Amino acid sequence: MSSALTDLCPCPIVQAPMAGGASSPALVAAVSEAGGLGFLAAGYKTADGMYQEIKQVRGLTGRPFGVNLFLPQPEYPGAVTGSTGAVRAAHPVTAAVDVYRHQLAGEAAWYQTSLGDPDSGRDDNYDAKLAILVEDPVPLVTFTFGCPTREVIAALRNVGTRTAVTVTTVDEALAAQWSGADAVCVQGIEAGGHQGTHRDNPEADGSGIGLLALIAQVREAVQLPVIAAGGIMRGAQIAAVLAAGAELAQLGTAFLVTPESGAPALHKQAMTDPLFTRTELTRAFSGRPARGLVNRFLREHGPYAPAAYPEVHHMTSPVRKAAAKAGDPQAMALWAGQGHRLARELPAGQLVEVLAAELAAATAALGQQGAA
């Protein structure tokens, strides 16, 4: 393992940061205690909410863990803020959001709620969260939806924090290397939840790269350690990405169904429910491409959702929460990777142990084949 990541975890297994509640302090601590690397997801939380969860993790384990931040989203060129239709219609994106809002009115009425305010903010409290992490450092901070500045990376390095940037292309990996990041989290198209693209380009929809191909491309382009993410559910897959050049394997969906996960019970059950047979990348729930189980909401609204993140996320949030409260998974964002049918309802620590045993067996088998 690379020196940039060597002492973070004895076992090369990372629990992916899953924004929205799945990455609970209990899950993070259980994974780290078992020898993996647990991760808090700061996305969608307040700065104080993030800080309180960091304190909870520290109360549960003394082992290293990480925190993931969402980069602020750039304003649309020429966009005008404001709540009146006339002002919002001044920009094509805000006009498209208004059209989508009208389309979703029936969903809000059905679940007896209201749609959220699309103008609820684009920065995800980024600066305030960074200030806390510089003042009270954690071992590793990763970034999604963009690349931090060299100044941000340097500030974290000065307090002993290592950094990694989620990348989905070689160009994004080169940007991470230029910024001074210690590692890259290479995310394949198989991954559940949001694709961590640095720039949301609708013209690139459907052109994502598979994990093994992307690892090879990134390894040849940059001199940074690689954390591999996307569809990994078994120890043999971990062995495969390590053989391809990764130092660590990051798993999200595999840990989503554990008892320690904060995901709703309906979400956990859906992973292996025969009713949900496949996943798709969709903008239906957030306005950014994200992989989830195909349900009614995704089928009906996905084709019409605009490229507008986080506006669409803010707007659909009350509907998703109301659907969960009503026990209806058909309007929830059921984020899942392509390997979701392989999910195992094991305690998080036990899952790390099982994955480590599978990894050891797969590695031994590869060694025997190589010696034959």
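Residues numbered from 1 in each chain as written. Predicted model: local features only at pLDDT ≥ 70, side-chain atom pairs only at ≥ 80, totals over all residues. Heavy atoms only, no water.

Chemist: Is there a simple way to think about the sheet that holds strand β1 (residues 13-15) in this case?
Modeler: Backbone hydrogen bonds are what pair the strands of a sheet, in a parallel or an antiparallel way. Taking strand neighbours across the sheet as the criterion, the eight strands line up as β1-β9-β8-β6-β5-β4-β3-β2 in an open arrangement whose pairing is parallel. The sheet terminates laterally at β1 and β2 (38-41), the two strands that pair on one side only. Averaged over neighbouring strand pairs, the angle between their axes works out to 25° when direction is ignored. Of the pairings in the sheet, the one linking strand β4 (residues 140-144) to strand β5 (residues 162-167) comprises four bridges and is parallel in character. (Pairing = 2+ DSSP bridges. Helix = DSSP H or I, 4+ residues; strand = E, 2+ residues; numbered from the N terminus. Axes fitted to C-alpha atoms, helices over the stretch in contact; angles between N-to-C directions.)

Chemist: Even after reading the chapter, I still don't get the sheet that holds strand β10 (residues 279-282), so can you show me in this structure?
Modeler: Strand order in the open sheet formed by three strands is β7-β11-β10, and the pairing between neighbours is antiparallel. Each having just a single partner strand, β7 (193-194) and β10 make up the two edges of the open sheet.

Chemist: What's the story with the packing of helix α4 (residues 92-103) against helix α14 (residues 311-325) in this structure? I'm lost.
Modeler: Packed helices, taken two at a time, are described by the angle their axes make and the gap between the axes. One can describe the packing of α4 onto α14 by two numbers: an axis separation of 11 Å at closest approach and a directional angle of 15°. With respect to α14, the element α4 is oriented roughly parallel. As α4 packs across α14, the resulting crossing turns out to be right-handed. Together, Val97, Tyr100 and Arg101 of α4 and Glu311, Val312 and Met315 of α14 make up the contact between the two elements. For the contact of α4 with α14, the residue count by class is four nonpolar, no polar and two charged. (Parallel < 35°, antiparallel > 145°, perpendicular 65-115°, else oblique. Left-handed = near helix turned anticlockwise from the far one by under 90°. Contact = heavy atoms within 4.5 Å. Nonpolar A, V, L, I, M, F, W, Y, C, P; charged D, E, K, R; others polar.)

Chemist: What should I look at first to understand the side chain of Thr279 in this one?
Modeler: Along the polypeptide, Thr279 turns up in strand β10. Using a relative accessible area of 14% as the deciding quantity, one classes Thr279 as buried. Reaching out from Thr279, the side chain makes a polar contact with the side chain of Arg291 at a distance of 3.1 Å. Apart from residues lying up to four places away in sequence, Thr279 is in contact with Arg291, Gly292, Leu293, Val294, Ala336, Gly337, Gln338 and His340. (Buried < 20%, exposed > 50% of the residue type's maximum accessible area, 1.4 Å probe, protein only. Polar contact = N/O pair within 3.5 Å; in protein donor to acceptor, adjacent residues only side chain to side chain.)

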